[in-house]
Amino acid sequence: MAYNAEGAKAVASDAVAANADLVDLIQSGFTTGIKEVGRLFEEKKLFLPHIMAAAAAMNGGIDILMPVITKQGKDADEGLGKFVICSIEGDIHSIGKDIVAIMLKVAGFSVLNIGRDVPLKDILAACKDNNAKYVGTSALMTSTMVNQKTFEELLRKEGVRDKIVTNVGGAPVTQQWADEIGADVYSENASDAVAKMTKIAG
Ligand code: HCB
C-alpha cells in the first residue's frame, strides 16, 4: 500500500530467512494489499500510476520468493503432464497467472507459460503443438472474461475440447462463470489451482 519495493523485498527476505509459509505471504499478504489498491482505484481514490507502483512493489517481493518456492519444489518430476497457461487475449495482467504457473510447476506439472494478451488461436496452437493435457487462462477484466467463453467455443469447433482439461481463473472469474461457459475447473487462487488440478491429474 506504500508502493515500497524495498520494504516488500525486505519482508520477502525476512520470510525466507524465517522459513515462513511463502505461499501464504503471497496470498494473504501481498495479494491483499494489491487488491485494496485495486478497490481504491475503482473508487477513483487512486489512479493508474498507483496501481503500477503497487504492482512494481509486489513484484519486488515476488521476485525474491519465487526462486525459493521453485527450489523447494525441485524434486517434482513434472510427471503430471503438460499445462499451457496464459493471460487471455486482451488482458495484460500477469502477476497472478505467473504465480499459478510457478506453483503448478512446483506441484509437478510441465508448465508452458506462454505469456499475456495471448490471441486465442495462439493458445490453441500451443495446446495442440505440445499435446497439452491442461490449459489455464487468466482474465482480470470483465471485458476479457468473455474470451474464456470464446476459447471454450473454439476448442469445441476444432474438435479438441474432450482432449484437454480447461482451468479458468482471475479476479472477476467465479465457479458460476466456469459452469456457464463449460470450463472444467475454476480456481480461486494458486493453491486452489494446485489442489484441484493435481487431484484431476491423479
Ligand atoms: Co489493472 N485492473 N488494469 N492493472 N489491476 C484491475 C484488474 C481492476 C479490477 C481494477 C479496478 O478497477 N478495481 C480493473 C478491471 C475492471 C474490470 O474489468 N472489472 C483493471 C483495469 C481496468 C486495468 C486497465 C484497463 C487500466 C487502464 O489502462 N485504464 C489496464 C489493463 C489493460 C489490459 O489488460 N488490456 C490495467 C493495467 C494494470 C497494470 C499494468 C498497472 C497492473 C498489472 C501488472 C501486471 O500484471 N504485470 C494492474 C494491476 C496490478 C491490477 C490490480 C490492482 C491487481 C491485479 C493483481 O495482480 N492481483 C487489479 C485489482 C484486482 O484484481 N482486484 C486491477 C494479484 C494477483 C496475485 O491476483 O487475481 O491476478 P490475481 O490472480 C490470482 C487468482 O485470480 C488466480 O490465482 C492467482 C494467484 O492466487 N488466478 C488463476 C489468476 N489467473 C489464473 C489462471 C488459472 O488458470 C487459475 C487461477
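Please refer to the structure higher up on the page.
This section reports on the structure supplied with the text. (Residues numbered from 1 in each chain as written. Predicted model: local features only at pLDDT ≥ 70, side-chain atom pairs only at ≥ 80, totals over all residues. Heavy atoms only, no water.)

### With respect to the pattern of salt bridges
Logical step 1: What the rule picks out here adds up to 11 salt bridges.
Logical step 2: Close ionic contact of E43 with R39 constitutes a salt bridge, the shortest N to O distance being 2.8 Å.
Logical step 3: The salt bridge involving K121 is made with D122; its shortest N-O contact spans 3.3 Å.
Logical step 4: Of the residues examined, K121 reaches a relative accessible area of 59% and is grouped as exposed.
Logical step 5: Salt bridges here are not isolated pairs; linked through shared partners, they connect E36, R39, E43 and K45. (Salt bridge = Lys/Arg side-chain N within 4 Å of Asp/Glu carboxyl O. Buried < 20%, exposed > 50% of the residue type's maximum accessible area, 1.4 Å probe, protein only.)

### Brief notes about the coordination of the cobalt atom of the ligand
Six octahedral donors at a metal ideally form angles of 90 or 180 degrees, and four tetrahedral donors ideally form angles of 109.5 degrees.
Logical step 1: Only one protein atom coordinates the cobalt atom of the ligand: H93 (NE2), located 2.2 Å from the metal.
Logical step 2: Here H93 shows up in the loop between β1 (82–87) and α4 (95–107). (Donors = N, O, S within 2.8 Å, 3.2 Å for Na, K, Ca; no water. Helix = DSSP H or I, 4+ residues; strand = E, 2+ residues; numbered from the N terminus.)

### Quick word on the site of the ligand
Logical step 1: Around the ligand sit 36 residues, and of these G38, I92, H93, S94 and S138 come closest.
Logical step 2: Separating an oxygen atom of the ligand from a backbone N or O atom of S94 is a distance of 2.6 Å.
Logical step 3: Listing elements by their share of the shell around the ligand, those giving two or more residues are α2 (22–42), α3 (48–72), α4, β3 (134–138) and β4 (165–169).
Logical step 4: Top contributing element to the shell around the ligand by residue count: α2, with seven residues.
Logical step 5: Of the residues in the shell around the ligand, the class split is 15 nonpolar, 16 polar and five charged. (Near = heavy atom within 4 Å. Polar contact = N/O pair within 3.5 Å; in protein donor to acceptor, adjacent residues only side chain to side chain. Nonpolar A, V, L, I, M, F, W, Y, C, P; charged D, E, K, R; others polar.)

### Thoughts on a nonpolar patch on the surface
Logical step 1: On the surface, a nonpolar cluster with roughly 310 Å² of combined accessible area is contributed by F41, L48 and M52.
Logical step 2: The residue F41 is located in helix α2 in this model. (Patch = residues over 30% accessible without salt bridge, like charges linked within 9 Å, V, L, I, M, F, W, Y side chains within 5 Å. Areas by Shrake-Rupley, 256 points an atom, 1.4 Å probe, with all protein chains shown as cover.)

### Some words on the sheet that holds β4
Logical step 1: The parallel open sheet is built from five strands, whose spatial order is β2-β1-β3-β4-β5. The open sheet has two free edges, formed respectively by β2 (110–113) and β5 (185–186), since each of these has just one partner strand.
Logical step 2: In this structure, β3 lies alongside β4, joined through five bridges in parallel fashion. By the bridge assignment for β4, Y134 is matched with V165.
Logical step 3: The sheet strands contacting α4 are β1, β2 and β3, and the helix crosses β1 at an angle near 170°. (Pairing = 2+ DSSP bridges. Contact = heavy atoms within 4.5 Å. Axes fitted to C-alpha atoms, helices over the stretch in contact; angles between N-to-C directions.)

### Brief notes about the packing of α3 against α4
Logical step 1: Packing of α3 against α4 brings their axes to within 11 Å, and their N-to-C directions diverge by 5°. One way to sum up the angle between α3 and α4 is to call them roughly parallel. Between α3 and α4, the residues in contact are A55, M58, N59, I62, M66, I69 and T70 and I95, I99, I102, M103 and V106, respectively.
Logical step 2: Taken together, the residues of the contact of α3 with α4 break down into 10 nonpolar, two polar and no charged. (Parallel < 35°, antiparallel > 145°, perpendicular 65-115°, else oblique.)

Interpretation in functional terms is not warranted from these geometric data alone.
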